[in-house]
Amino acid sequence: MRRISWMLAMVLVLSALLAACGKKDAAAVVKDLNEVVGEMESYQGAGVMTLHTGETPQQYKVEVWHQKPSYYRIALTNAKKDVTQIVLRNDEGVFVLTPSQNKSFRFQSDWPDNQGQVYLYETLIRSITGDTTRQFADEKETYVFDVAANYNTHALVRQKIWLNKSDYAPKQVEVSDSNANVVVDVKFDSFKFGAEFGKDAFDMQRNMTAATEEGNKTGTDAGVAPAEKTDDAGAQQPANPQAAPGSEGTEGAVDGQTGVSEGANQQGSEGAASEQGSEEPTLAEPKESGSFGVIQPTYAPEGVKLKDDQILEEAGDYSVLLRYEGTYNYTIFEARPQDRAVSLAPSRLVDLGFTAGMISGDALQTLTWTSDGVEYRITSADLPENEMVRIATSMQEESGK
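Residues numbered from 1 in each chain as written. Predicted model: local features only at pLDDT ≥ 70, side-chain atom pairs only at ≥ 80, totals over all residues. Heavy atoms only, no water.

**Side note on the overall build of the chain**
- The secondary structure content of the chain amounts to five helices and 21 strands.
- The buried share of the chain, taken over its 401 residues, is 52%.
- Taking the intrachain contacts of the chain between residues at least 6 apart in sequence as the baseline, contacts between residues at least 24 apart amount to 56%.
- A total of about 18,500 Å² of accessible surface is found on the chain, and carbon and sulfur atoms cover 49% of it. (Helix = DSSP H or I, 4+ residues; strand = E, 2+ residues; numbered from the N terminus. Buried < 20%, exposed > 50% of the residue type's maximum accessible area, 1.4 Å probe, protein only. Contact = heavy atoms within 4.5 Å. Areas by Shrake-Rupley, 256 points an atom, 1.4 Å probe, with all protein chains shown as cover.)

Have a look at this one:
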């Protein structure tokens, strides 16, 4: 009897040891993740990003391409409004493209090295490996990490990252604020390492023309992003097309009191980015014109109130100037992009979640972005950047009054 009991105990111990050998702890997974990133040549992912920054959640289709050494293509499509913007990085620089408007803007920037996005694999893995206080859970088919959020805003504090056990591909990301409320949620529908892209997949001109070519075939201004056309512009073709109307062209700095352009902070052109040091290009006239009302943000920093708003109508141009005062003093200028010269000066990209914005200036800073054909500029000498981003985000789903 004792012999049988001893043998049974040994069997149980061996079984426990074998079971333990099949599981990985956080340190082992982190080691594997470093190897995956080090050996990674390319990837292609697609999913849905939901922003919980307003009264109603906003959903965006996200498609991400990456190829070593530093090629990126990100397509963000507003699922409700069917508007697409493309952020592109290649050997020539970083571009923000609006194919339906035939506009592109180029930046001399090290993005995304200096500012990661929640849908970029490298950013997620850097968050995991860089947080020594990380929390780890081993679930049925996924590893789950709870780590500090490392995005350029104080509003995002923590994030949970779900990785597929089989290949460490991302499945879901939740980014929360200081009150543990989920602010950004990304669910990946597909993610493939080692994706193969066409030779011109990251070419600026090809990305500009692919959408409009498809749009002409259908008799609309919509078009599709290059990934949804043919293999000429990229890799595998997702099932759902992405429409690309909109007018995300941008201009630059604005006088804090009048809202008059003082010179922009990116290179813009019709159909192609201008070369550094070339003559100033102009923006194409938008298809829409006239009044869009007065669009006010739903958020203002504590101690700030609206001083006044002015509707400016000169020579058929309609624009709005909002002035705020208090703890911080700033102006918001709204207008449809017109045929105006764009100066060549440095700027940097800012992730607004729903689109890419441009920050320019030193003592007087301006955040510029566009949505639904309207260009917005927040200008201030004392408003922090994270507050600018919160104000911009709160205006996304607002309509003119």
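**A few points about the pattern of salt bridges**
- Taken as a whole and assessed by the stated rule, the structure comprises eight salt bridges.
- Of the charged contacts, one joins Arg73 and Glu63 as a salt bridge, the two residues approaching to 3.5 Å between their closest N and O atoms. Residue Arg73 is located in strand β3 (residues 71-78), and its partner Glu63 is located in strand β2 (residues 58-67); the two are separated by 10 residues in the primary sequence.
- The class of Arg73 is buried, set by a relative accessible area of 0%.
- Since its relative accessible area comes to 2%, Glu63 is described here as buried.
- When the shortest N-O distance is used, the salt bridge between Asp308 and Arg323 registers 2.6 Å. Here Asp308 is found in strand β15 (residues 304-314), whereas its partner Arg323 is found in strand β16 (residues 317-326), with 15 residues between them in sequence.
- Residue classification places Asp308 among the partly exposed residues on the basis of a relative accessible area of 22%. (Salt bridge = Lys/Arg side-chain N within 4 Å of Asp/Glu carboxyl O.)

**Considerations on the confidence of the model for the chain**
- Mean pLDDT over the chain works out to 75, with 68% of the residues at or above the 70 mark.
- Of the regions scoring below 50 in pLDDT, residues 11-20 engages in zero contacts with residues more than four places distant in sequence or in other chains.
- Across residues 215-288, where pLDDT falls below 50, the model places 252 contacts with residues more than four positions away in sequence or in other chains. (pLDDT = per-residue confidence, 0-100.)

**Examining empty space enclosed by the protein**
- This model, assessed by the stated rule, comprises two cavities of 30 Å³ or more.
- Roughly 90 Å³ of internal volume is contained in the second largest cavity.
- Lining the second largest cavity we find Ile74, Leu76, Val87, Trp111, Gln117, Tyr119, Leu349, Val350, Asp351, Thr355 and Ala356.
- When contributions to the lining of the second largest cavity are tallied by element, the ones reaching two or more residues are β3 and β18 (348-351).
- With three residues, β18 is the single largest residue contributor to the lining of the second largest cavity.
- A breakdown of the residues in the lining of the second largest cavity according to their chemical character gives eight nonpolar, two polar and one charged. (1 Å grid on protein atoms, 1.4 Å probe; cavity = no way out; pocket = protein on both sides within 12 Å on 5 of 7 lines; lining within 4 Å. Points joined across faces, edges and corners; volume = space filled by probe spheres on them. Nonpolar A, V, L, I, M, F, W, Y, C, P; charged D, E, K, R; others polar.)

**Observations regarding the environment of Ala392**
- Relative to the elements of secondary structure, Ala392 occurs in helix α5 (residues 385-394).
- Remark: the alpha-carbon pair of Ala392 and Gly357, spanning 35 residues in sequence, is separated by 9.2 Å.
- Setting aside chain neighbours within four positions, we find Ala392 in contact with Leu352, Phe354, Leu367, Trp369 and Ile378.

**Things to note about helix α2 (residues 26-39)**
- Its 14 residues place the ends of α2 20 Å apart at the C-alpha level, agreeing with the 20 Å of an ideal helix rising 1.5 Å per residue.
- By the burial criterion, the buried members of α2 are Ala26, Val29, Val30, Asp32 and Leu33. Buried residues in α2, looked at end-on, bunch into an arc of 160 degrees, giving them a common side. With respect to the buried face of α2, the exposed residues turned more than 90 degrees away are Ala27, Lys31 and Glu39. (Expected span 1.5 Å × (residues − 1). Arc of directions from axis to C-beta.)

**A word on the packing of aromatic side chains**
- The final tally for this structure, using the stated rule, is 16 aromatic pairs.
- Aromatic pair Tyr43 and Tyr121: ring centres 6.2 Å apart, planes at 65 degrees, arrangement edge-to-face. Of this pair, Tyr43 sits in strand β1 (residues 42-51) while Tyr121 sits in helix α3 (residues 121-130), placing them 78 residues apart in sequence.
- Between Tyr324 and Tyr330 the ring centres are 4.9 Å apart and the planes differ by 15 degrees, which places this aromatic pair in the stacked class. Each member of the pair, Tyr324 together with Tyr330, is buried. (Phe/Tyr/Trp six-rings, centres within 6.5 Å; stacked < 30°, edge-to-face > 60°.)

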